[in-house]
Structure formats: C-alpha cells, structure tokens
Amino acid sequence: MTSLFAQDIRLSKRHEEIVSQRLKLLQQMESKSEDQNKEKASHIRTAEAASKRNLSLLEDIEAAEKSLQTRIHLVPPPEVVSLETLYWASVEEYIPKWEQFLSGRAPYPMGAGNQKEVENTIRNKAHQ
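Being a predicted model, the structure only gives us computed values, none of them experimental.

(A) Broad picture of the overall build of the protein. What the protein contains, in helices and strands, is 3 helices and 0 strands. Tracing the protein from N to C terminus, the helices and strands come up as α-α-α. Only carbon and sulfur atoms are counted for the fraction: they give 58% of the accessible area of the protein, which is about 11700 Å².

In structure tokens form, the structure reads like this:
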C-alpha cells in the first residue's frame, strides 16, 4: 500500500507541475496575443497616417501641376518676351513711314540698309 501511496504522491506532484506549466503557457499565449493585437493596431495607425500623408502629397502635386500649367499658358519665356518687345518697337518705328508711303507722300519705307540694321539689332538683343 505504501507503494501505491508513494506513486499517488508522485502523480499528484507531477499533476501540479503540469497544471503549473499549463498556466504559465496560457499566460504567455495571452501576453503574446495582446502584444500582437497592439502591434496590429500600431500598423493600422501607421498605414492610415501614411494614407493621409500620401493623399495630401497627391493634392499638393496636383495643385503644383495646375499652377505650372497656368504659368506655361500665361507667361512666355523671357526670350519670347524680348523678341516680342523688339518686334513691336520695330513696328512702332515704321508706322509713320508706312503711313506716309500709303498716303503717297513718301517712297517705299523698307530700304536694304534699314532692314539689315533692324535684323542685326534683333539678333544682338536676342542673344543677350
């Protein structure tokens, strides 16, 4: 009978060890599950923040694109502005001569020397 009693005590201690180990493993699993849930929530917050940031960046890019398109259509390059200014200055310079020619009071206004001089002036100013 003592042998059965000793075996019963051994089995009881082993049972307590197993129950204790099971409890420890359950606590570890619960802790691990909580950590995973926290990490998942953190990833979700990070993804949402990145999505908002990306949306904001996309809106900024679209606004910049619209602004650049407006500039492209409204403001010509400086070279074009310079040539346009020179062209209209030339036109204004020759208007009185053409008016006199058209009214029959003066000869044809475009002389070879004057035309070359105007072309040279335009080329020089365009290269500046």
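(B) Main features of helix α2 (residues 78-102). With 25 residues, α2 extends 35 Å from end C-alpha to end C-alpha; this agrees with the ideal 36 Å at 1.5 Å per step. Of all the bends in α2, the greatest, near 35°, is centred on I95, and the proline P96 appears no more than four residues after it. Along α2, the residues classified as buried are L86, S90 and Y94. With its phi angle positive at about 85°, G104 sits one or two positions after the end of α2.

(C) Focus on the confidence of the model for the protein. Residues of the protein with pLDDT of at least 70 account for 85%, and the chain-wide mean is 86. Looking at the elements of the protein, mean pLDDT is at its lowest for helix α3 (residues 112-126), recorded as 61, and at its highest for helix α1 (residues 2-74), recorded as 93.

(D) Structural view of the packing of aromatic side chains. Enumeration according to the criterion identifies 1 aromatic pair in this entry. Relative to W88, the ring of Y87 lies with its centre 5.1 Å away and its plane at 75°, an arrangement referred to as edge-to-face. Overall, the relative accessible area of 47% leaves W88 in the partly exposed class. The ring of Y94 carries the charged tip of K97 above its face, separated from the ring centre by 4.8 Å.

(E) Main features of the pattern of salt bridges. Using the criterion set out here, one finds 1 salt bridge in the structure. Among the ionic pairs, R14 bridges to E17, the shortest N-O distance being 3.3 Å. Taken together, the positions of R14 and E17, both in helix α1 and 3 residues apart, correspond to about one turn of that helix. On the basis of relative accessible area, E17 is assigned to the partly exposed category, the value being 47%.

(F) Fine view of a negative patch on the surface. On the surface, E30, E34, D35 and E39 cluster together into a patch of negative charge. By the secondary structure assignment, E34 is in helix α1.

Cut-offs used in this document
Residues numbered from 1 in each chain as written. Predicted model: local features only at pLDDT ≥ 70, side-chain atom pairs only at ≥ 80, totals over all residues. Heavy atoms only, no water. Helix = DSSP H or I, 4+ residues; strand = E, 2+ residues; numbered from the N terminus. Areas by Shrake-Rupley, 256 points an atom, 1.4 Å probe, with all protein chains shown as cover. Expected span 1.5 Å × (residues − 1). Bend = angle between axes of the 7 residues up to and from the residue. Buried < 20%, exposed > 50% of the residue type's maximum accessible area, 1.4 Å probe, protein only. pLDDT = per-residue confidence, 0-100. Phe/Tyr/Trp six-rings, centres within 6.5 Å; stacked < 30°, edge-to-face > 60°. Lys NZ or Arg CZ within 6 Å of the ring centre and 35° of its normal. Salt bridge = Lys/Arg side-chain N within 4 Å of Asp/Glu carboxyl O. Patch = residues over 30% accessible without salt bridge, like charges linked within 9 Å, V, L, I, M, F, W, Y side chains within 5 Å. Lys, Arg positive; Asp, Glu negative; His and termini not counted. Charge placed at Lys NZ, Arg CZ, Asp CG, Glu CD.

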